[in-house]
Amino acid sequence: MKFRYTLLLILCCGLLINCTGETNTDFVISGDQVGKLSKESLARDVELIFEKDSVVQDTVKLKIGSGASKIKIFERGAGALLLTLTPNNDSIATIQNVLINDERFKTDKGISKLSTFKDIRENYPIKKIITSLNNVVVLLKNSDIYFTIDKKELPESLRYNANNNIEEVQIPDAAKVKYMMVGWD
């Protein structure tokens, strides 16, 4: 009989803990936020922001041009690469670019680095498509999120000309995202 009461008590406690309404925002991309990181976060505070994870900074900086180094955030324990951050060169550096490395990061509409071009197109209005030598960059309206799609995902007639302006209708629905990034000014 005591066993039943103990079991019932444990189940009730479990339900109360799960019903607190708190959701994990560690992998949510929204407005000016990528997980624990915000647009206003200072580069010097990254180790405090990700205190439960491993923060690795480049030890070598280029002496020519940009002095910004990359900061990589690894999940403690599993060792998975979560994010790659690029700070700007301001006197009080903030994060300029965030490369989303982990597929658990998702927008409020469920878009992640595992999404296809169709998923992006159906959930967000596209502002502009920029063509480079090996990739196509898809910029979204009213959003700091952008996606890179490898030209290998495109029809063969579009792959080999860097001067081609590729339009939205020319990108196959099944084209996979190569990189998912957030760029803050």
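Conventions adopted
- Residues numbered from 1 in each chain as written.
- Predicted model: local features only at pLDDT ≥ 70, side-chain atom pairs only at ≥ 80, totals over all residues.
- Heavy atoms only, no water.
- Buried < 20%, exposed > 50% of the residue type's maximum accessible area, 1.4 Å probe, protein only.
- Helix = DSSP H or I, 4+ residues; strand = E, 2+ residues; numbered from the N terminus.
- Pairing = 2+ DSSP bridges.
- Core = buried A, V, L, I, M, F, W, Y, C linked by side-chain atoms within 4.5 Å.
- pLDDT = per-residue confidence, 0-100.
- Salt bridge = Lys/Arg side-chain N within 4 Å of Asp/Glu carboxyl O.

Asker: How should the pairing of strand β6 (residues 81–87) be read in this particular structure?
Answerer: Each regular strand shows side chains that alternate between the opposite faces of the sheet. Of all 7 residues in β6, 6 are buried; the element is thus mostly enclosed. Direction of pairing for strand β5 (residues 71–74) relative to β6: antiparallel, over a ladder of 4 bridges. Across the sheet, residue K72 finds its bridge partner in β6, namely T84. Two successive antiparallel strands, β5 and β6, enclose a turn made up of 6 residues, where G77 displays a positive phi of approximately 95°. One ladder, built from 5 bridges, connects β6 with strand β7 (residues 95–100); its direction is antiparallel. Residue L85 lies in a different strand from β7, and its bridge partner there is V98.

Asker: What am I meant to see in the nonpolar core here?
Answerer: One finds V34, L83, L85, V98, F147 and I171 to be the most contacted residues of the largest nonpolar core, which totals 36 residues. When residues of this core are traced back to their parent elements, those giving at least two are β5, β6, β7, α3 (117–123), β9 (126–131), β10 (135–140), β11 (145–150) and β12 (179–183).

Asker: Got a minute to help me understand the confidence of the model for the protein in this structure?
Answerer: Averaged over every residue, the pLDDT of the protein is 84; residues scoring 70 or more account for 81%. Mean pLDDT in the protein bottoms out at helix α1 (residues 2–18), which sits at 50, and peaks at α3, which reaches 96.

Asker: Where do I start with the pattern of salt bridges in this structure?
Answerer: Note on pairing: side chains with opposite charge can pair once their charged atoms come close. Taken as a whole, this structure holds 6 salt bridges when the rule is applied. The salt bridge involving E122 is made with K118; its shortest N-O contact spans 3.9 Å. Within this pair, E122 and its partner K118 are both found in helix α3, separated by 4 residues, close to a single helical turn. In this structure, R121 engages D173 in a salt bridge whose closest nitrogen and oxygen atoms are separated by 2.4 Å. Residue R121 is located in helix α3, and its partner D173 is located in the loop between α4 (156–159) and β12; the two are separated by 52 residues in the primary sequence. Judged by relative accessible area, which is 31%, R121 ranks as partly exposed. Through salt bridges with shared partners, a single network forms among E75, D102 and R104.

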